[in-house]
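Structure assessment
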Amino acid sequence: MKIGFIGLGNMGAPMAANLAKEGHEVVGFDVAGATAEGVSNAASAAAAAEGSDVVITMLPNGAILRSVANDVIPAMKPGAVLLDCSTVDVQSARDVAAQAAEAGLGALDAPVSGGIGGAAGGTLTFMVGGSDAAFATAKPLFDIMGQKAVHCGESGNGQAAKICNNMILGVTMIGTCEAFALADKLGLSREAMFDVVSTSSGYSWSMNAYCPSPGVGPTSPADNDYNPGFAAELMLKDLRLSQQAAEAADADTPMGQAATALYTEFVENEDGQGRDFSAMLPRFEKRGRN
Ligand code: NAD
């Protein structure tokens, strides 16, 4: 396939390189001049989109996605698919998909989980919203860039799945960290805490696979001085998107709201910026009740 790839950042560059490595013709564009291995560079987003069967975007947020969509949609050939892999708000995903459909194009929102390691290793999970036909076109590309692609229904549903998942993740990580800090103060060893909870009803991915305590459980960013991993500010971005969506849909999400407030405090007023999101544990360790 001929693929346009817009946004060659931490995630986009390795994803584009993996597509090129498998023999696809990939033409990239990044406003910062970033490049990727095996990918030729175009002078603009529209130039990268011209003649492409699929145009992939991997961008920071919904406002930038909307602006790039305005540039690339008129340049795309009829029947081509606009595949956005960024994490953006549900409404931007739905609006861009509608704009693409009006222009006779397919559109998918396909945010990812798996981070930079998953992007480099081609082991991302894609959560996909859009038509069956567009999904079928993009499937071979998902198979190269990832290990799993779940078709979640209509446009915007991929973003909905992503932010609901990450709202659960933010809440369980905070719950796990505050429970560890409480267990410390009650005189329980970290190892005993892990052994019990990881095999009891308090278990979760945060405890079992990404344990926020150094020295117990499988190796995680906690064992590397809380270097990310998944940075606290990226967790905050996803939590804010979840609360924006909850407000628009009139959904009551008190735990998501509390997690958003805590990560805001951690990233903006404390030392959370640039640290892994599991560094909530040393934060709680240092604190008392007030
Ligand atoms: P990044 O900031 O490294 O990359 C974004 C790239 O987009 C940058 O290179 C930037 O120059 C480029 N860009 C910005 N505006 C542009 C424009 N108008 N035209 C062309 N290029 C433009 O971010 P990232 O870590 O690669 O993340 C990309 C997306 O993936 C985000 O939505 C993020 O939330 C999501 N995501 C990231 C991770 C992660 O671990 N980094 C994990 C899952 C999802």
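A brief report on the enclosed structure follows. (Residues numbered from 1 in each chain as written. Predicted model: local features only at pLDDT ≥ 70, side-chain atom pairs only at ≥ 80, totals over all residues. Heavy atoms only, no water.)

The subject of this paragraph is the site of the ligand. Neighbouring the ligand are 23 residues; Asn10, Met11, Asp30, Leu59 and Lys237 lie closest to it. Val31 is positioned with one of its backbone polar atoms (N or O) 3.3 Å from a nitrogen atom of the ligand. Here an oxygen atom of the ligand and a backbone polar atom of Leu59 are 2.8 Å apart. When isolated, the ligand has an accessible area of 830 Å², and the protein chains bury 82% of it. When grouped by side-chain class, the residues that make up the shell around the ligand number 14 nonpolar, six polar and three charged. (Near = heavy atom within 4 Å. Polar contact = N/O pair within 3.5 Å; in protein donor to acceptor, adjacent residues only side chain to side chain. Areas by Shrake-Rupley, 256 points an atom, 1.4 Å probe, with all protein chains shown as cover. Nonpolar A, V, L, I, M, F, W, Y, C, P; charged D, E, K, R; others polar.)

Right, let's talk about the packing of aromatic side chains for a bit. Inspection of the entire model under this criterion finds six aromatic pairs. Judged by centre distance (5.4 Å) and plane angle (70 degrees), the rings of Phe230 and Phe277 are edge-to-face. Linking Phe230 in the loop between helix H9 (205-208) and helix H10 (232-249) with Phe277 in the loop between helix H11 (254-268) and helix H12 (280-285), this pair joins segments that are 47 residues apart in sequence. Both residues of the pair, Phe230 and Phe277, belong to the buried class. Note on Tyr263 and Phe266: the rings are 6.4 Å apart at their centroids and 65 degrees apart in plane angle, and the pair reads as edge-to-face. Placement of both Tyr263 and Phe266 in helix H11 is noted, with a separation of three residues, approximately one turn of the helix. Residue class for Tyr263 comes out buried when judged on its relative accessible area of 0%. (Phe/Tyr/Trp six-rings, centres within 6.5 Å; stacked < 30°, edge-to-face > 60°. Helix = DSSP H or I, 4+ residues; strand = E, 2+ residues; numbered from the N terminus. Buried < 20%, exposed > 50% of the residue type's maximum accessible area, 1.4 Å probe, protein only.)

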